[in-house]
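In case you want the letters, here they are:
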Amino acid sequence: MPTPRLTELPDTVVRLIGETVGAVVDVRTVRTGLNSAIAARVRTTDRTLFLKGLPLDHPRVWTQKREAQINPYVQGIAPRLLWHVEENGWSLLAFEFVEGRHADFTPDSPDASTVMTAMIRLADVPAPSVELKSMPHRLRTFVDDPTDLCWFVGNSLLHTEWNPHNVLMTPSGALFVDWGWASLGAAWIDPALWLLWLIAYGHTPGQAESAAAAHPAWKLAPPAGLDALSRVQRRLWDAIARDSEDDWAKTMQNAARAWERHRNPPA
């Protein structure tokens, strides 16, 4: 479920920033994103940073720690983490502030090739020595046949959350943010999850698969595994859309259903 975004930093957070990097001069809340109670560009007397945070009693506060653990392994494809603080009821992550825009996933956008270049770089990152969820574990409740989970086994570091708000386009390339749901699994899963967002933004399933096929791991994707993942994603997005009133959830549900029909056409 989306986390309500605070429009002003709590006084305790302002004090924590001041104690860590200097007095706060200006704060501009970032409106996009779903998972953080705090997301803001913060200017201090010495620097500008991007701050995200959750209360320590939030059920997903573990994602903050996960991002902090992952960051050293993804330098060059993610903004650099400056510090992680857990005090006074808050878990805060401060990243270097990067000027950029969110990715455009529409069919005529030139961003897809740049995003793919960074995604291929991610595929070359060795599995980190961090405890991560596995894709079979994450998807276990969305299969009819538990043997389908074997298709998703792997030791590749996956981002998995390909909402275009999690992709920053900069002059030097694409950077990926929001690593709280990083997982381990088969390397072809990331481009397969990405293509759902391409469909949601106007690609046909065939066009989206062609874009995903630029990833070297796609050639290793077993057709039966892709078929299974399409069924799993349709069930997952059906569940999300059922519990959400947000338009984006319905859009993703429609995209997942379109991909499943493409992979598993009705008789």
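Bear in mind that the values here come from a model prediction, so they are computed numbers and not experimental data.

## So, the overall build of the chain
Here's step 1: The number of helices and strands found in the chain is eight helices and 11 strands.
Here's step 2: Whereas a compact globule of 267 residues would reach a radius of gyration of roughly 18 Å, the chain reaches 19 Å, a difference of no more than 12%.
Here's step 3: Within the chain, the proportion of its 267 residues that are buried is 51%.
Here's step 4: Excluding contacts between residues fewer than 6 apart, the proportion of contacts in the chain whose partners are at least 24 apart in sequence is 69%.
Here's step 5: When the accessible surface of the chain is totalled, it reaches about 12500 Å², and 52% of it is carbon and sulfur.

## What about the environment of Q64?
Here's step 1: Inspection of the secondary structure assignment puts Q64 in helix α2 (residues 62-70).
Here's step 2: On the basis of relative accessible area, Q64 is assigned to the buried category, the value being 1%.
Here's step 3: Linking Q64 and P205, residues 141 residues apart in sequence, is a C-alpha distance of 33 Å.
Here's step 4: Other than its neighbours up to four places away in sequence, Q64 contacts K52, G53, L54, H84, S91, L92 and L93.
Here's step 5: From its side chain, Q64 meets the backbone oxygen of S91 in a polar contact 2.9 Å long.

## A look at the environment of L9
Here's step 1: The topology assignment puts L9 in the segment before α1 (11-21).
Here's step 2: The buried category is assigned to L9, whose relative accessible area is 14%.
Here's step 3: Counting along the chain gives 19 residues from L9 to R28, while the straight-line C-alpha distance between them is 9.7 Å.
Here's step 4: When residues no more than four places from it in sequence are discounted, the contact partners of L9 are V14, I17, V27, I38, V42 and L51.

## Focus: the sheet that holds strand β7 (residues 133-134)
Paired through their backbone hydrogen bonds, the strands of a sheet run either parallel or antiparallel.
Here's step 1: Sheet architecture is open: three strands sit in the order β7-β11-β8, paired in mixed fashion. Strands at the two margins of the open sheet, each flanked by one partner only, are β7 and β8 (156-158).
Here's step 2: Direction of pairing for β7 relative to strand β11 (residues 183-185): parallel, over a ladder of two bridges. In the sheet register, K133 faces β11, and the bridge partner there is S183.

## What to know about helix α6 (residues 205-212)
An α-helix turns once every 3.6 residues. As a result, residues three or four positions apart point the same way.
Here's step 1: Buried residues of α6: P205, A208, E209 and A212, and no others. The buried residues of α6 occupy one face: seen down the axis, they fall within an arc of 100°.
Here's step 2: Considering only its buried residues, α6 is in contact with α3 (111-123), α5 (189-200) and α8 (247-263).

## Focus on empty space enclosed by the protein
If a probe as big as a water molecule is rolled over the atoms, it shows which places are left empty.
Here's step 1: With the rule as written, the count across this model stands at two cavities of 30 Å³ or more.
Here's step 2: Of the volumes computed, that of the second largest cavity is approximately 40 Å³.
Here's step 3: Lining the second largest cavity we find M119, L122, A123, S156, L157, L158, A187, D190, P191 and H215.
Here's step 4: Looking at the lining of the second largest cavity, the elements that each hand over two or more residues are α3, β8 and α5.
Here's step 5: For the lining of the second largest cavity, a count of residues per class yields seven nonpolar, two polar and one charged.

## A look at the environment of R43
Here's step 1: Topologically, R43 is positioned in strand β2 (residues 38-44).
Here's step 2: Overall, R43 belongs to the partly exposed group, its relative accessible area being 41%.
Here's step 3: The residues contacting R43, other than those within four sequence positions of it, are A23, V24, V25, D26 and T48.

## Details of the packing of α5 against helix α7 (residues 223-242)
Here's step 1: For the pair α5 and α7, interaxial distance at closest approach is 11 Å and the crossing angle is 50°. Viewed along their axes, α5 and α7 adopt a mutual orientation that is oblique. Judged by the twist between their axes, the crossing of α5 over α7 is right-handed. From α5, A192, L193, L196 and W197 reach across to α7, where they touch L226, L229, Q233 and W237.

Conventions used here
Residues numbered from 1 in each chain as written. Predicted model: local features only at pLDDT ≥ 70, side-chain atom pairs only at ≥ 80, totals over all residues. Heavy atoms only, no water. Helix = DSSP H or I, 4+ residues; strand = E, 2+ residues; numbered from the N terminus. Rg over C-alpha atoms; globule rule 2.2 N^0.38 Å. Buried < 20%, exposed > 50% of the residue type's maximum accessible area, 1.4 Å probe, protein only. Contact = heavy atoms within 4.5 Å. Areas by Shrake-Rupley, 256 points an atom, 1.4 Å probe, with all protein chains shown as cover. Polar contact = N/O pair within 3.5 Å; in protein donor to acceptor, adjacent residues only side chain to side chain. Pairing = 2+ DSSP bridges. Arc of directions from axis to C-beta. 1 Å grid on protein atoms, 1.4 Å probe; cavity = no way out; pocket = protein on both sides within 12 Å on 5 of 7 lines; lining within 4 Å. Points joined across faces, edges and corners; volume = space filled by probe spheres on them. Nonpolar A, V, L, I, M, F, W, Y, C, P; charged D, E, K, R; others polar. Axes fitted to C-alpha atoms, helices over the stretch in contact; angles between N-to-C directions. Parallel < 35°, antiparallel > 145°, perpendicular 65-115°, else oblique. Left-handed = near helix turned anticlockwise from the far one by under 90°.

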